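Chain and residue survey
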Amino acid sequence: MEDFRRFFDTCADFDLFADQWLLDDPRTADGKEIDSLEFTEGRPYKGPLPVAMPIAHAGREVAFHLGAFDMPVVSTRVGQLIQRIAPREAELLPVDIPGAKERHAILNAICLVNCLDEFRSEFTRWELKDNRPEMMGQYKMISTIRIDPLRAGGHHIFRIMGWPLALIVSDMLKDILEDIPNLGVRFLPVT
């Protein structure tokens, strides 16, 4: 087991990069839209390959962007660093972004880890009164994420089982990524 024990949630940095671009849902070679949520569920992507990604709102190009529905889109450099540190924990799906200076890829974290520390987290669950019986008992909202670092094990990039919206990185990966100029995201402690 690795000796790191600190983990961080990845969030868009609108303080330093308020003018960053907003990327839309990816498209296939024949122009069909792919739901961005396909890349935020913590599982390998099985659909038609994305090849392009339109810019929904023009702005500053960043190296790590949380696009539509917080789908991670990273520069080639960021992708290579993640693959070097965590080669079996993420997929990179190259996409063409019109007018981009660098090459980019959708980053699909494919590890789901059961590590939410419910005693230290603040959350609500779906209830009968919400009229969503298929969601009953699942997390409805997590306002404060705290994870158990022992259960997170030696992972460097993953999503939380039951709450895959959060993209969690180890302190080792965070430290490497923070050296990249024009990053576009910030990291909030969750341990």
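Preceding block: the structure.
Reading guide: rules and limits
Residues numbered from 1 in each chain as written. Predicted model: local features only at pLDDT ≥ 70, side-chain atom pairs only at ≥ 80, totals over all residues. Heavy atoms only, no water. Helix = DSSP H or I, 4+ residues; strand = E, 2+ residues; numbered from the N terminus. Rg over C-alpha atoms; globule rule 2.2 N^0.38 Å. Buried < 20%, exposed > 50% of the residue type's maximum accessible area, 1.4 Å probe, protein only. Contact = heavy atoms within 4.5 Å. Areas by Shrake-Rupley, 256 points an atom, 1.4 Å probe, with all protein chains shown as cover. Arc of directions from axis to C-beta. Pairing = 2+ DSSP bridges. Salt bridge = Lys/Arg side-chain N within 4 Å of Asp/Glu carboxyl O. Axes fitted to C-alpha atoms, helices over the stretch in contact; angles between N-to-C directions. Polar contact = N/O pair within 3.5 Å; in protein donor to acceptor, adjacent residues only side chain to side chain.

Along its length, the protein carries three helices and 13 strands. Computed over C-alpha atoms, the radius of gyration of the protein comes to 17 Å, within 12% of the 16 Å expected from 2.2 N^0.38 for 191 residues, which places it in the range of a compact globule. The 191 residues of the protein split such that 47% are buried. A fraction of 68% describes how many contacts in the protein between residues 6 or more apart in sequence connect residues 24 or more apart. Counting every atom, the protein has about 9900 Å² of accessible surface; 54% of that belongs to carbon and sulfur.

Before going further, it helps to spend a moment on helix H1 (residues 76–85). Regarding H1, the residues found buried are Val78, Gly79, Leu81, Ile82 and Ile85. Viewed end-on, H1 has its buried residues packed into an arc of 160°, placing them on one side of the element. Within H1, the exposed residues directed more than 90 degrees away from the buried face are Gln80 and Arg84. Where H1 is buried, its residues contact strand E4 (64–66), strand E5 (72–75), strand E6 (90–95), strand E7 (104–109), strand E11 (157–160) and helix H3 (171–177).

Turning our attention to the pairing of strand E12 (residues 163–170). The element E12 is largely enclosed, with a buried count of six among its eight residues. When strand E1 (residues 7–12) meets E12, the two strands line up antiparallel, connected through three bridges. Note that in E12 the partner of Asp9 across the bridge is Ile168. Pairing of E11 with E12 involves four bridges; the strand directions are antiparallel. Among the inter-strand pairings, Arg159 is bridged to a residue of E12, identified as Leu167. Remark: two residues form the turn of the hairpin made by E11 and E12, two consecutive strands paired antiparallel; Gly162 in that turn has positive phi of roughly 90°.

This paragraph deals with the pattern of salt bridges. Where side chains of opposite charge bring their charged atoms close, a pairing between them can arise. Enumeration according to the criterion identifies 13 salt bridges in this entry. Between Asp19 and Arg60 there is a salt bridge, and its shortest N-O distance comes to 3.7 Å. With Asp19 in the loop between E1 and strand E2 (22–23) and Arg60 in the loop between strand E3 (55–57) and E4, this residue pair connects regions lying 41 residues apart in the sequence. Where Lys174 meets Glu178, a salt bridge forms, and the shortest distance between an N and an O atom there is 2.9 Å. The exposure class of Lys174 is buried, given its relative accessible area of 12%. In this structure Glu178 comes out as partly exposed when scored by relative accessible area, which is 43%. Here the salt bridges share partners, and the residues they tie into one network are Asp24, Arg27 and Glu33.

The four strands are arranged E4-E5-E7-E6 in an open sheet whose pairing can be described as antiparallel. Whereas interior strands pair on both sides, the edge strands pair on one side only; in this sheet they are E4 and E6. With strand direction ignored, the average angle separating the axes of adjacent strands in the sheet is 30°. Across three bridges, the pairing between E4 and E5 is antiparallel. Bridge pairing in E5 places Phe64 opposite Val74. Those strands touched by H1 are E4, E5, E6 and E7, and its axis lies near 100° from that of E5.

This brings us to the environment of Glu61. Its place among the elements puts Glu61 in the loop between E3 and E4. Along the chain, Glu61 and Arg43 lie 18 residues apart, while their C-alpha atoms are 27 Å from each other. Once residues lying within four places of it in the same chain are set aside, the contact partners of Glu61 are Trp21, Gly99, Ala100, Lys101, Glu102, His104 and Asn182. Only 2.7 Å separates the side chain of Glu61 from the backbone nitrogen of Lys101, close enough to count as a polar contact.

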